[in-house]
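Here is what each chain is made of, one letter per residue.
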Amino acid sequence: MIPATLIAKKRDAKPLLDEEIRFLVEGYCRGEVADYQMSALAMAICIQKMNQREIATLTDAMVHSGTCLPRCTDRPRVDKHSTGGLGDKVSLILAPLLATLDVDVPMISGRGLGLTGGTLDKLESIHGFQTEMSIEQSSELLKQVGCFMIGANEKIAPADQKLYSLRDVTGSVESVALITASILSKKIAATLDALVLDVKVGSGAFMKTMDDATELANSIIDVGKLSDLPVTVILSDMSQPLGLGVGNAIEVNESVEVLRGEGPREVRDLTIELCADVLVKVNRFENRDSAIAALVDQLDSGAAYERFEQMVSAQGGRLEFPLSLAQSHSVIAPHEGWVESVNCELIGKTIVEMKGGRSRKGDKIDHTVGMEMHLRVGDEVKVGDRIATLYCPPQQLADRLERLTNIISITEKPPQRPPLIVMRVS
Ligand code: URA
């Protein structure tokens, strides 16, 4: 049990000592600190923040709650992580794509968090896909395929596994300290040579403003430095979902399209940008232009899709694409004009309500529900146009289609389209 004075200390904005932080993380992993106490502490951290020393110690304690993946090939080891956003399926494309270019990608990902989806939930839409693996199995996969995608587990960053699912359902996601420690604990445990981070900024992200996104980027770069992990950061737009599909199976389908050289342009472009940064960082290519040319080639030739297929079957998945979705229903535009903004919160909430995400710890996910957007900010819209297609079992439809006409706001003049990449920090 945590002495209540320790939670009160953080609540009163006093920094925790290193030994107090380690005691909390170790106690939580051993089951001696209860979920309700940890959730009170997580909320105190969200409100009162942590200084850089506290964040570094929290990250280190979370790494040491488990073990680190041993080296098993002589290829450079890289990865990307996103702070989470609607429709963000980049990881599914990026890991196999990078692996085709002779780097290893041991991707330790997360589940859905708050209103945003998670890579592991998406992958589990594929029948039989295993997101749990022993250290020995993961090393074997790196040797054979060059990439894998698993979750934090009892061996690798177990503290993140426990804390992540608690934060998901207790409104304690949006904290620079907790996001930094969560992301870096998984990445340091994977023994990476370089990490590229995609910090999402906008209404569909945890970081809604540039100031918050920059603070998170700097926090991760600084704590990465202390752990000898070079991190480059791209701040990318999340004022609307990335690509068209939002949900689990629907995002796997869209990822497969991009892996086959098709799919929405912005998903392909962002994936290539993130890959190029990390390939240059480990000297796999001399500059971004040569890296980009090679990446385009791997997507268009089908090599990246082939590697994805290898990874899916090596992790027990059965490849039957496209994955099936719940019944489709059209959301129709009530008047004409131009799309000024997208209500990401309403999209995220709708997916969670339809059981595409969790509102309680351990909730079972319905992978078939989701939404496909047909309009983006800056598009012209006419009365009767389809704004989106909702994939939803009929018994859950109720008045959803009517409510969802509010997922876009319509203006009379064409607004500016937001840039995909907002800023680079390194
Ligand atoms: N991704 C993570 O792994 N953890 C967070 O807290 C947020 C995004």
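Each chain has its residues counted from 1, following the order in which its sequence is written. Only residues with pLDDT of 70 or above have their local features reported here, since the model is predicted, and side-chain atom pairs are shown and tallied only from 80 upward, although totals for entire chains, interfaces and linings are computed over all residues. Processing note: side-chain calculations cover all non-hydrogen atoms of the structure and skip hydrogens and water entirely.

### Some words on the pattern of salt bridges
At step 1: We define a salt bridge as a side-chain nitrogen of Lys or Arg found within 4 Å of a carboxyl oxygen belonging to Asp or Glu. Throughout the structure, instances matching the rule amount to 34 salt bridges.
At step 2: A salt bridge links Lys9 to Glu20; the shortest N-O distance between them is 2.8 Å. Highlighted residues: Lys9 in helix α1 (residues 4–11) and Glu20 in helix α2 (residues 18–30), separated in sequence by 11 residues.
At step 3: Exposure classes here rest on a 1.4 Å probe applied to the protein chains alone. A residue is buried below 20% of its type maximum, exposed above 50%, and partly exposed in between. The class of Glu20 is buried, set by a relative accessible area of 16%.
At step 4: Taking the shortest distance from any N to any O, the salt bridge between Asp121 and Arg358 comes out at 2.9 Å. Separated by 237 residues along the polypeptide, Asp121 in helix α6 (residues 119–123) and Arg358 in the loop between α15 (344–353) and β9 (370–373) bring together distant segments of the chain. The residues Asp121 and Arg358 share a single accessibility class, namely buried. A run of DSSP states H or I qualifies as a helix once it reaches four residues; a run of E qualifies as a strand once it reaches two. Both are numbered from the N-terminal end.

### Describing the sheet that holds strand β13 (residues 421–425)
At step 1: Pairing between two strands is assigned when DSSP locates at least 2 bridges connecting them. Spatially, the 4 strands line up as an open sheet ordered β1-β4-β5-β13, and their pairing is mixed. The sheet terminates laterally at β1 (78–82) and β13, the two strands that pair on one side only. Neighbour-to-neighbour, the strand axes of the sheet open up by a mean angle of 20°, direction not taken into account.
At step 2: Bridge count for β1 against strand β4 (residues 194–201) is 5 bridges, and the pairing is parallel. Axes here refer to lines fitted to C-alpha atoms; in helices the fit is confined to the stretch in contact. Angles between the N-to-C directions go from 0 to 180 degrees.

### Describing the domain arrangement of the chain
Many structure descriptions define interface size as the accessible area lost when the parts assemble.
At step 1: What the domain assignment reports for the chain is domain 1 (3–48), domain 2 (78–152 + 186–314) and domain 3 (328–411).
At step 2: The domain boundaries here were taken from an automatic or database domain assignment. A separation of 31 Å is found between the C-alpha centroids of domain 1 and domain 2.

### Re the site of the ligand
At step 1: Residue proximity to a molecule or strand is established when one non-hydrogen atom of the residue lies within 4 Å of it. Taken together, His81, Ser82, Thr83, Leu113, Tyr164, Arg167, Ile179, Ser182, Ile183 and Lys186 make up the full set of residues near the ligand.
At step 2: Note that an oxygen atom of the ligand is positioned 2.8 Å from one of the side-chain N or O atoms of His81.
At step 3: N or O atoms within 3.5 Å of each other form a polar contact, as long as, within protein, one can give a hydrogen and the other can take it, and as long as residues adjacent in sequence are counted only when both atoms are side-chain atoms. Taking Lys186, its side chain carries an N or O atom lying 2.5 Å from an oxygen atom of the ligand.
At step 4: Taken by itself the ligand offers 240 Å² of open surface, and the protein chains cover 97% of this.
At step 5: Put simply, the parts of the chain that give the shell around the ligand at least two residues each are β1, α8 (158–168) and α9 (176–189).
At step 6: As a working rule, the residues Ala, Val, Leu, Ile, Met, Phe, Trp, Tyr, Cys and Pro are called nonpolar, Asp, Glu, Lys and Arg charged, and the rest polar, with Gly in that last group. Considering only residue class, the shell around the ligand consists of 4 nonpolar, 4 polar and 2 charged. For accessible areas, the Shrake-Rupley method is used with a probe of radius 1.4 Å. Any residue's cover is judged against the shown protein chains and nothing else.

### Looking at the state of the cysteines
At step 1: Note on terminology: disulfide denotes any pair of cysteine sulfur atoms within 2.5 Å. Counting across every chain of the model gives 0 disulfides.
At step 2: A disulfide-free cysteine, Cys72 has its sulfur positioned 12 Å from the sulfur of Cys147, the nearest such atom.
At step 3: Looking at Cys72, the relative accessible area reads 22%, which means it is partly exposed.
At step 4: For the unlinked cysteine Cys344, the closest cysteine sulfur is that of Cys392, found at 19 Å.

### Quick look at the UniProt feature "domain: Pyrimidine nucleoside phosphorylase C-terminal" (unreviewed entry) in the chain
At step 1: UniProt positions are given in the numbering used here, feature names are shortened, and annotations may be inferred rather than shown by experiment. Within this numbering scheme, the UniProt entry marks residues 338–411 as carrying the feature "domain: Pyrimidine nucleoside phosphorylase C-terminal" (unreviewed entry).
At step 2: The span residues 338–411 is 19% helical and 28% strand by assignment, and the distance between its end C-alpha atoms comes to 5 Å.

### Looking at the nonpolar core
Here is a general trend for soluble globular proteins: nonpolar side chains tend to be buried in one another's company.
At step 1: We call a set of buried Ala, Val, Leu, Ile, Met, Phe, Trp, Tyr and Cys residues a nonpolar core when their side-chain atoms join them within 4.5 Å. Judged by nonpolar contacts, the single largest core of 145 residues is most densely connected at Leu98, Val233, Ile347, Met371 and Ile407.
At step 2: No other element matches α9, which puts 9 residues into this core.

### Describing the packing of α1 against helix α3 (residues 35–48)
At step 1: Contact geometry for α1 and α3: axes closest at 8 Å, N-to-C directions at 15°. Taken together, α1 and α3 sit at an angle that is classed as roughly parallel. Like other packed secondary-structure pairs, α1 and α3 cross with a definite hand, here left-handed. Between α1, through Ile7, Lys10 and Arg11, and α3, the contact on the second element is made entirely by Gln37, Ala40, Leu41, Ala44, Ile45 and Gln48.
At step 2: Residues that form the contact of α1 with α3 fall into these classes: 5 nonpolar, 2 polar and 2 charged. An angle below 35 degrees is treated as roughly parallel, one above 145 as roughly antiparallel, one from 65 to 115 as roughly perpendicular, and anything else as oblique. Whether a crossing is left-handed or right-handed is set by the direction in which the near helix is turned from the far one by less than a right angle, anticlockwise for left-handed and clockwise for right-handed. By the convention used here, residues are in contact when the closest approach between their heavy atoms is within 4.5 Å.

### Comments concerning a nonpolar patch on the surface
At step 1: Here, patches come from residues exposed beyond 30% relative accessible area and free of salt bridges, joined within 9 Å for like charges and within 5 Å for nonpolar side chains (Val, Leu, Ile, Met, Phe, Trp, Tyr). Together, Met210, Val422 and Met423 line one region of the surface with nonpolar side chains, adding up to about 200 Å² of accessible area.
At step 2: The topology assignment puts Met210 in helix α10 (residues 210–226).

### Concerning the environment of Glu32
At step 1: Turning to its location among the elements, Glu32 is positioned in the loop between α2 and α3.
At step 2: Expressed as a C-alpha distance, the spacing of Glu32 and Thr271, which sit 239 residues apart in the sequence, is 41 Å.
At step 3: Setting aside its immediate chain neighbours within four residues, Glu32 contacts Met1 and Gly27.
At step 4: Side chain to side chain, Glu32 and Arg30 meet in a polar contact 3.0 Å long.

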